[in-house]
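Observations on chain architecture
Below, each chain spelled out in residue letters.
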Amino acid sequence: MKHTFYIPALIAFGIMVSQVQAAGLMVNGVDLGSCKSYFDGCNTCSVMENGQSVCTKMACFAAGTPKCLDTPATSETDTQLTDMENSKSVKDLTTDFKLKTFNSCANMESVMKNFIKDYYKAHPYNGGGYRGGGPIMFEQGMMDKVAVPSVTSSDAAQNISAPISATDISNTNLQVAGVDESELIKTDGTNVYFYNSKDHTIYVAKAFPATELSIIKKIKIPSSFADPKLFLSGKKLVILSTKYNNTDYGFRYWFNRQVKTVVVVYDISDLNNLRIDRYYETDGNMSESRMIGKYLYILSNSSFSFPYNIYYGPEATLDESKFDTDFIGSTIKPQKIELRKTNVDSEKNFSQKGKLLPYNLTQKDNAICSDIEYVLPDTETMKKFDFTPSLVTLSIIDTSDATKETKTKVLFGDVNQVHMSLSSLYITSNLYTSYDFRCAPGMYCIMPYYYQGQNTLIHKLAIKDDMTSYTASTIVPGSPLNQYSMDEDSTIGNFRIVTSHSYPNQSSELFVLDPRLQILGKLSDIGKDENFQSSRFIGNRLYLVTFKQIDPLFTIDLSDVKNPKILGELKIPGYSTYLHPYDATHLIGIGYDTKTNQWGGTQNAGVKIDLYDVADVANPKQLSTLTLGDAGSSSEVLQNPRLFTWYAKKNLLFMPATLMTNANDVNEPYRNKNAWQGTIALSITTGSGVREEARITHIDSSGMETKRTEECKQYAKDYSKPICRKIIGGWEYCTNPSQMYVPSYCYIDSPIGEYFANQLWNFSNDFIVRNLYLDNTLITVSNNAIQANDIAQDYSKIGKVEMK
């Protein structure tokens with residue numbers, strides 16, 4: 001008998017030959033008799049004439065029950081597998097998503113022309129209005145207009161002495177040790193560097209010793225710089241930002257060049273004389289950044305934009321002749337400008353206000369055509385996928401050496417989430433379809449087919465200092481929640497990723513991929529019908545939180561990469577949005593407590609901090625818990641783990657928070673009788689559990705009673721008589737003003753805290769937004785002030801300096 005199998009070509013596992021004999025066919029303890037075609041629990045098999053079984057080698061990870069697939073049909077072709085897949089309306093993915101390079105500029109122009117035509121056949125109305133940029137970002141005559149940060153000194157900065165540094169220094173909370181992440185605040189152990197959003201200024205404050213707390217420098221940031229972030233490496237302060245340029249350079253340039261990524265590197269070795277070492281600008285908004293040692297890695301994203309109104313007529317048909325004439329391949333390449341400090345006279349070519357300055361100016365494309373790596377879907381694929389084309393520039397800067405040019409690498413794709421280890425960069429992109437699909441022949445996809453909805457494309461790059469090389473690509477089902485959903489095993493280099501999806505059901509999945517992004521193992525249907533809330537990889541363990549009405553904390557063993565297993569599960573009220581290692585056998589969770597609301601649903605209550613005992617991974621336990629505030633309470637730490645300030649040596653956690661105290665009014669369930677904002681100091685030990693140590697606030701609420709009395713005067717009138725007015729016909733229209741709305745905080749029995757809760761956001765510039773520690777000093781920072789408190793002396797205030 002002849003058996004023909006359809007096996008998706010994307011599966012690199014091929015076909016395996018089993019030694020199972022046909023006579024008295026026993027498969028995994030199940031007697032299948034004289035069956036000629038069977039399912040062995042993982043794969044579809046057929047018994048050959050010599051008695052051996054030929055089986056597909058599908059990516060299966062949990063064995064099912066063997067069963068015979070023989071049917072009465074007389075056809076020689078076994079269609080079990082093809083019928084299964086065809087019944088799912090699976091579409092063939094006709095484009096390989098592996099990165100490749102153009103052969104030349106002519107090749108790039110040809111490929112891009114065809115792509116643009118195909119893209120707008122698939123999406124004819126996605127172009128809209130357009131204001132683009134030209135191929136030259138700056139001309140020499142425009143250099144006087146380059147916006148760079150300006151430095152001013154305070155009175156305390158005149159003679160800055162040799163610094164004394166703290167021994168225990170608070171650093172940004174990092175996912176991967178040695179891979180720094182940008183933040184609003186950094187410290188070198190003596191000084192604190194902080195971006196103040198109120199006046200768009202970076203403040204440099206001497207914070208150690210705390211008795212000398214003072215503002216010593218201010219760096220004014222140009223208004224075109226949005227949401228700056230900081231890195232600190234040795235004696236270099238790095239400022240990163242997205243810059244918005246209002247200049248219009250024309251329309252036929254296909255990518256919006258009005259948005260830039262800007263990097264400014266300051267030499268801070270002498271704070272009396274701050275010096276800009278490098279000013280770097282490239283196309284695209286700043287998407288992600290990381291720093292390893294002296295090397296800075298930035299991903300910038302340039303959105304593709306088509307001048308629809310220029311090339312399409314009233315019936316939405318492309319004027320291909322005009323388009324072919326206007327389109328110039330070189331205009332689509334991202335470009336960069338760089339000012340670098342130099343002491344070589346022959347390299348000095350930058351003048352400002354008629355004065356030659358010690359800088360070298362260069363402006364060029366970010367890559368030559370043959371170095372641009374790309375992945376472009378064809379027309380049929382674009383019809384199926386929500387594919388948003390863009391150019392991604394990876395810039396690598398040696399911050400210690402201003403003589404070295406910034407290295408750039410250009411990819412055609414987009415950026416969703418990023419994971420970076422000491423040797424690899426993983427870039428994920430969203431891939432949404434309304435169809436199930438399978439990959440094209442030769443692709444290294446990890447699944448035989450993918451369900452409709454959200455899937456994720458992953459590109460891996462090898463990183464070594466300022467050198468990069470493309471490694472591999474693949475697609476995984478679902479989408480990661482955040483960067484903590486991904487991890488690289490530091491010993492072997494396997495990539496682990498947790499994703500969630502809503503189709504065919506709501507659940508989460510774990511995938512373990514080898515260094516070439518080929519699948520090793522997977523775990524499906526984790527937390528079925530529940531939302532993915534947080535995850536943390538720690539060695540060969542994965543801790544995962546899902547939530548629907550209660551919080552299951554799963555402990556998952558990764559030691560057998562081919563067979564990851566759920567070892568334990570703890571179900572408690574609430575859920576954690578961030579998990580942090582306490583020690584080898586304990587875990588800290590921070591998130592929300594929950595409660596049942598008046599409609600029977602589940603809603604967030606206060607901010608919850610848990611200490612878990614995971615020594616027995618099969619039976620994780622909640623060792624201690626503390627809930628702060630009621631519904632409406634929040635902490636930025638829950639969404640931004642970089643703010644999780646853990647002083648491990650002293651078992652102290654510092655976190656900014658806004659806490660609401662509910663009035664428990666059944667008629668007004670969201671009424672609050674008090675509020676508070678500031679930094680909370682928590683002690684977390686295995687012996688005493690989670691305990692509140694102190695609260696520090698920058699808000700001065702004195703005089704609130706006077707303000708409330710003045711405001712409530714408007715309601716203190718005699719409305720005992722109705723107000724009537726004559727209307728046509730001799731009738732009267734009367735109203736009773738006593739029924740007008742009066743805020744509850746004006747009632748005589750209302751506490752002053754209720755008025756404060758209502759007015760809280762008027763104090764937003766006094767909100768503590770960041771905190772850090774320097775030995776026994778806790779530093780808290782708001783937009784109005786920086787304050788020092790003594791940890792060892794019950795958090796007594798040492799000093800406070802206004803930022804103005």
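The present account deals with the structure reproduced in this document.

This part is about the packing of aromatic side chains. For the structure shown, the criterion picks out 16 aromatic pairs. Taken together, a centroid distance of 5.5 Å and an interplanar angle of 75° make the contact between tyrosine 484 and tyrosine 578 edge-to-face. Highlighted residues: tyrosine 484 in the loop between β32 (467–477) and β33 (486–488) and tyrosine 578 in strand β41 (residues 575–583), separated in sequence by 94 residues. Across this residue pair, the class does not change: tyrosine 484 and tyrosine 578 are buried. Ring centres 5.6 Å apart and planes at 50° place the aromatic pair tyrosine 582 and tryptophan 646 in the tilted group. With tyrosine 582 in strand β41 and tryptophan 646 in strand β45 (residues 645–647), the pair connects residues that are 64 residues apart, well separated along the chain. Given a relative accessible area of 15%, tyrosine 582 falls into the buried group.

We now examine unusual backbone geometry. The omega torsion of the bond from phenylalanine 208 to proline 209 falls at -5°, within 30 degrees of zero and hence cis. For proline 209, the location among the structural elements is in the loop between β13 (201–206) and β14 (214–220). Of note in this structure, aspartate 227 is not a glycine but carries a positive phi near 50°. Mapped onto the secondary structure, aspartate 227 falls in strand β15 (residues 225–233). With a phi close to 70°, aspartate 529 is a non-glycine residue in the positive phi region. Along the chain, the position of aspartate 529 falls in the loop between β36 (519–526) and β37 (531–538).

Examined against the element boundaries, valine 263 turns out to sit in strand β17 (residues 259–267). On the basis of relative accessible area, valine 263 is assigned to the buried category, the value being 0%. The spacing of valine 263 and serine 241 is 22 residues in sequence and 6.7 Å in space, taken between C-alpha atoms. Not counting residues up to four positions away in its chain, the partners in contact with valine 263 are Val238, Ile239, Leu240, Arg278, Tyr279, Tyr280, Leu296, Ile298 and Ile397.

Looking now at the nonpolar core. In terms of nonpolar packing, the biggest core is built from 35 residues, with Ile588, Ile590, Ile609, Phe644, Met655 and Ile684 touching the most fellow members. Counting residues in hydrophobic clusters, the runner-up holds 27 residues, among them Ile202, Leu230, Leu232 and Ile337.

In terms of burial, helix α7 (residues 752–759) is a largely internal element, 6 of the 8 residues being buried. When α7 is considered as a whole, its buried residues turn out to be Gly753, Glu754, Tyr755, Phe756, Ala757 and Gln759. Looking at the buried side of α7, the elements it contacts are β46 (652–662), β47 (672–685) and α6 (704–712).

To continue, consider α6. Regarding α6, the residues found buried are Met704, Arg708 and Cys712. Seen from one end, α6 has its buried residues packed into an arc of 60°, which puts them on one side. Opposite the buried face of α6, by more than 90 degrees, sit the exposed residues Thr706 and Glu710. Close packing links the buried residues of α6 with α7.

Scanning the model with the defined rule gives 8 cavities of 30 Å³ or more in all. Considering only enclosed or pocket space, the largest cavity measures out at about 60 Å³ in volume. Together, Leu481, Asn482, Tyr484, Ser485, Phe532, Ser534, Ser535, Thr577, Tyr578, Leu579 and Pro641 line the largest cavity. Among the secondary structure elements, those contributing two or more residues to the lining of the largest cavity are β37 and β41. When its residues are assigned to classes, the lining of the largest cavity shows 6 nonpolar, 5 polar and no charged.

This part takes up the sheet that holds strand β48 (residues 689–696). The 4 strands lie next to each other as β45-β46-β47-β48, forming an open sheet whose pairing is antiparallel. Looking at the sheet topology across the chains shown, the edges are occupied by β45 and β48. On average, each strand axis in the sheet is inclined to that of its neighbour by 45°, with strand direction left out of account. Two strands pair when backbone bridges link them, and β46 and β47 are joined in this way by 11 bridges, in the antiparallel orientation. Looking at the pairing, proline 656 lines up with threonine 679 of β47.

Here we take up the pattern of salt bridges. Tallied over the full model, the rule gives 35 salt bridges. The residue aspartate 365 makes a salt bridge to lysine 333 at a minimum N-O spacing of 2.9 Å. Of this pair, aspartate 365 sits in strand β24 (residues 359–365) while lysine 333 is found in the loop between α4 (320–326) and β21 (335–341), placing the two residues 32 residues apart along the sequence. Note on aspartate 365: relative accessible area 28%, which makes it partly exposed. Ionic pairing is found between glutamate 405 and lysine 364, a salt bridge with its closest N-O pair at 3.1 Å. Of this pair, glutamate 405 sits in the loop between β26 (390–398) and β27 (407–412) while lysine 364 is found in strand β24, placing the two residues 41 residues apart along the sequence. A relative accessible area of 35% means that glutamate 405 is categorised as partly exposed. Here the salt bridges share partners, and the residues they tie into one network are Lys294, Asp398, Lys404, Lys407 and Asp466.

Calculation rules
- Residues numbered from 1 in each chain as written.
- Predicted model: local features only at pLDDT ≥ 70, side-chain atom pairs only at ≥ 80, totals over all residues.
- Heavy atoms only, no water.
- Phe/Tyr/Trp six-rings, centres within 6.5 Å; stacked < 30°, edge-to-face > 60°.
- Helix = DSSP H or I, 4+ residues; strand = E, 2+ residues; numbered from the N terminus.
- Buried < 20%, exposed > 50% of the residue type's maximum accessible area, 1.4 Å probe, protein only.
- Contact = heavy atoms within 4.5 Å.
- Core = buried A, V, L, I, M, F, W, Y, C linked by side-chain atoms within 4.5 Å.
- Arc of directions from axis to C-beta.
- 1 Å grid on protein atoms, 1.4 Å probe; cavity = no way out; pocket = protein on both sides within 12 Å on 5 of 7 lines; lining within 4 Å.
- Points joined across faces, edges and corners; volume = space filled by probe spheres on them.
- Nonpolar A, V, L, I, M, F, W, Y, C, P; charged D, E, K, R; others polar.
- Pairing = 2+ DSSP bridges.
- Axes fitted to C-alpha atoms, helices over the stretch in contact; angles between N-to-C directions.
- Salt bridge = Lys/Arg side-chain N within 4 Å of Asp/Glu carboxyl O.

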